[in-house]
Amino acid sequence: MPKSAIADDMAMIRAASELTRDLTAPSARIYWTDFLASTFIGYAGCAAAIFAPSAAWMLAAAFVAVLALYRAGSFIHELTHIRKNALPGFRLTWNILVGVPMLIPSFLYEGIHSLHHNRTKYGTADDPEYLPLALMKPWTVPLFVVAAAFAPLALLFRFAVLTPLSFAIPPLRRIVMERYSGLIINPMFRRRPPEGEFRRQWAWQEGGAWAWSTLLIVAGVLGWVPLRALLIFGAIASATLVLNQIRTLVAHLWENDGDVLTVTAQFLDSVNVPPPGVLPELWAPVGLRYHALHHLLPGVPYHALGEAHRRLKDALPTDSQYHAANYRSLPKLVINLVAGAARGGAAT
């Protein structure tokens, strides 16, 4: 059955709403503790890797740094969903400590991710975060991952070169804002100019990213910072983006070819990897292991998704559509995606 033919499971949708009404308030203590600890461990790992006395210690420290900074960076997803003023200062602090230094300021995601959750835009040409990867050529999947490895260089060029150049050349500014100002995977998507308060947020975040990226280049050219240190930091940043890209590969089944889907169909095109497995907490942190549930309940904060899943799993019968979105591991999901892409490529 094509995804567009799946009707809504109203019993599941009602249960999801009724059973989780008390889980919508974000805990400031959990958010701040988790984020700050992840950030501290991540940068401490970077420093340890740079000053490591041997290659083995460098790799071990870099591994810790990648996992910690990946977790800290994943809070960009929460920034798009938490209500305004629910966590005072969190957006500003996240951008200062992670967004700008890693060249992924939150304006690249805010205003983009909300379209992915729009019921009539999900999986269509208007969805900036969707491609029918399972229906495309087999080489699309590995290319999707390899491209992420070079993203730090692309981001460096975007902010250090295109930002000042685009202000000097107005037609280029329009192109940069439409095509190169969002963390997207749909190359046909075009972004609208920011308005109101978000325009001011965009301005200072882009200015900060320009200043930081320029400083990195100058520091490398003039020798203020050893090239080895810059390369290690760049490699760690690259690895976090590759890990996120692999996680993105299994966040959905990517089987919709542009049709408008029901809420249930969108849920079934998404993926939960619930306990008892522990590894998903590393490669899908900050609630991303419950990605299908998140699409069903986008207003529930990441730390409450586990409890929401337990309630729904226990309350809904075995024939509920809810259980069909739960999977066991990343390797099986990747294999399924590659196999689907192979079939899709063979059919075209």
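Residues numbered from 1 in each chain as written. Predicted model: local features only at pLDDT ≥ 70, side-chain atom pairs only at ≥ 80, totals over all residues. Heavy atoms only, no water.

Novice: Help me understand the overall build of the chain, please; the structure alone is not making it clear to me.
Specialist: In terms of helices and strands, the chain carries 16 helices and zero strands. For 348 residues, the compact-globule formula gives about 20 Å, and the C-alpha radius of gyration of the chain, at 21 Å, lands near that figure. The C-alpha extent of the chain, read off along each of the three principal axes, is 65 × 45 × 45 Å. Out of the 348 residues belonging to the chain, those deemed buried represent 47%. Here the chain has roughly 16800 Å² of accessible surface; of this, 68% comes from carbon and sulfur atoms. Within the chain, one finds 29 positive and 22 negative side-chain charges whose respective centroids are separated by 5 Å. (Helix = DSSP H or I, 4+ residues; strand = E, 2+ residues; numbered from the N terminus. Rg over C-alpha atoms; globule rule 2.2 N^0.38 Å. Buried < 20%, exposed > 50% of the residue type's maximum accessible area, 1.4 Å probe, protein only. Areas by Shrake-Rupley, 256 points an atom, 1.4 Å probe, with all protein chains shown as cover. Lys, Arg positive; Asp, Glu negative; His and termini not counted. Charge placed at Lys NZ, Arg CZ, Asp CG, Glu CD.)

Novice: How should I be thinking about the nonpolar core in this particular structure?
Specialist: Proteins that are soluble and globular tend to have nonpolar side chains buried together. Phe75, Trp94, Ile236, Leu249, Phe267 and Leu293 are the most contacted members of the largest nonpolar core, which totals 82 residues. The contact partners of Leu249, leaving out residues within four places of it in the chain, are Leu133, Val141, Phe144, Val145, Trp254 and Leu337. (Core = buried A, V, L, I, M, F, W, Y, C linked by side-chain atoms within 4.5 Å. Contact = heavy atoms within 4.5 Å.)

Novice: Got a minute to help me understand a nonpolar patch on the surface in this structure?
Specialist: Taken together, the side chains of Leu215, Ile217, Val221, Leu222, Trp224 and Val225 define a hydrophobic patch exposed on the protein surface, amounting to about 590 Å² of accessible area. On the secondary structure map, Ile217 appears in helix H10 (residues 196–222). (Patch = residues over 30% accessible without salt bridge, like charges linked within 9 Å, V, L, I, M, F, W, Y side chains within 5 Å. Salt bridge = Lys/Arg side-chain N within 4 Å of Asp/Glu carboxyl O.)

Novice: Explain the layout of surface pockets here, please?
Specialist: Remark: the empty space left among the atoms is shown by a probe the size of a water molecule rolled over them. The space that makes up the largest pocket amounts to roughly 1400 Å³. Forming the walls of the largest pocket are 50 residues, and the residues nearest its centre are Gly182, Leu183, Ile184, Ile185 and Gln245. Elements that contribute at least two residues to the lining of the largest pocket include exactly helix H3 (55–73), helix H4 (75–79), helix H6 (113–116), helix H7 (140–149), helix H8 (151–168) and helix H11 (227–249). With seven residues, H11 is the largest single contributor of residues to the lining of the largest pocket. (1 Å grid on protein atoms, 1.4 Å probe; cavity = no way out; pocket = protein on both sides within 12 Å on 5 of 7 lines; lining within 4 Å. Points joined across faces, edges and corners; volume = space filled by probe spheres on them.)

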